[in-house]
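Per-entry structural report
Listed below, chain by chain, are the residues.
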Amino acid sequence: MLNINPKMLPRLDEIETDLLARRARAEQEGWLGEIEGIDLTLTFLREKREESQRGFVRELLADKATSG
């Protein structure tokens with residue numbers, strides 16, 4: 001499983017912005033297969049970002065519990 005460093009989360013935001021622009025272009029051009037692929041990629045990206053954010057919060061809480 002791919003683990004994302006929390007410092008890379010802003011990069012995921014950049015990638016999402018780019019994918020949304022590509023999706024808009026695909027819609028304009030009628031590229032249905034491209035739209036489907038982009039939607040799938042966006043789903044995976046968003047799931048990975050949420051998973052990474054949850055893991056980062058868990059780490060912070062665990063660190064706080066052991067130090068305090």
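Let me sum up the structure you'll find in this document. All residue numbers refer to positions counted from 1 along the written sequence of the respective chain. Under the rules for a predicted model, residues below a pLDDT of 70 receive no local features and side-chain atom pairs below 80 are neither given nor counted, while totals for whole chains, interfaces and linings still include all residues. Just so you know, side-chain values use all the structure's heavy atoms and leave hydrogens and water out.

1. Overview of the nonpolar core
Within this scheme, the nonpolar core is defined by two criteria: the residues are buried Ala, Val, Leu, Ile, Met, Phe, Trp, Tyr or Cys, and they are joined through side-chain atoms within 4.5 Å. The classification of residues rests on relative accessible area computed with a 1.4 Å probe and restricted to protein chains. Under 20% of the type maximum is buried, over 50% is exposed, and intermediate values are partly exposed. Counting seven residues, the largest nonpolar core consists of Ile4, Leu9, Leu12, Leu19, Ile38, Leu42 and Leu45. Contributions of two or more residues to this core are made by α1 (9–29) and α2 (32–67). The criterion used for residue contact is that any of the two residues' heavy atoms lie within 4.5 Å. Each residue touching Leu9, except ones within four places of it in the same chain, is listed here: Ile4, Arg49, Ser52 and Gln53. We count a stretch as a helix when DSSP gives it H or I for four or more residues in a row; a strand needs E for two or more, and each element gets its number in order from the N terminus.

2. What to know about the pattern of salt bridges
Only one rule defines a salt bridge in this text: a Lys or Arg side-chain nitrogen within 4 Å of an Asp or Glu carboxyl oxygen. Per the counting criterion, the structure on display carries nine salt bridges. Notably, a salt bridge pairs Arg25 with Glu29, separated by 3.2 Å at the nearest N-O pair. Taken together, the positions of Arg25 and Glu29, both in helix α1 and four residues apart, correspond to about one turn of that helix. Look at Glu29 and you get partly exposed, because its relative accessible area is 41%. Overlapping salt bridges bring together Asp13, Glu16, Arg46 and Arg49 as one network.

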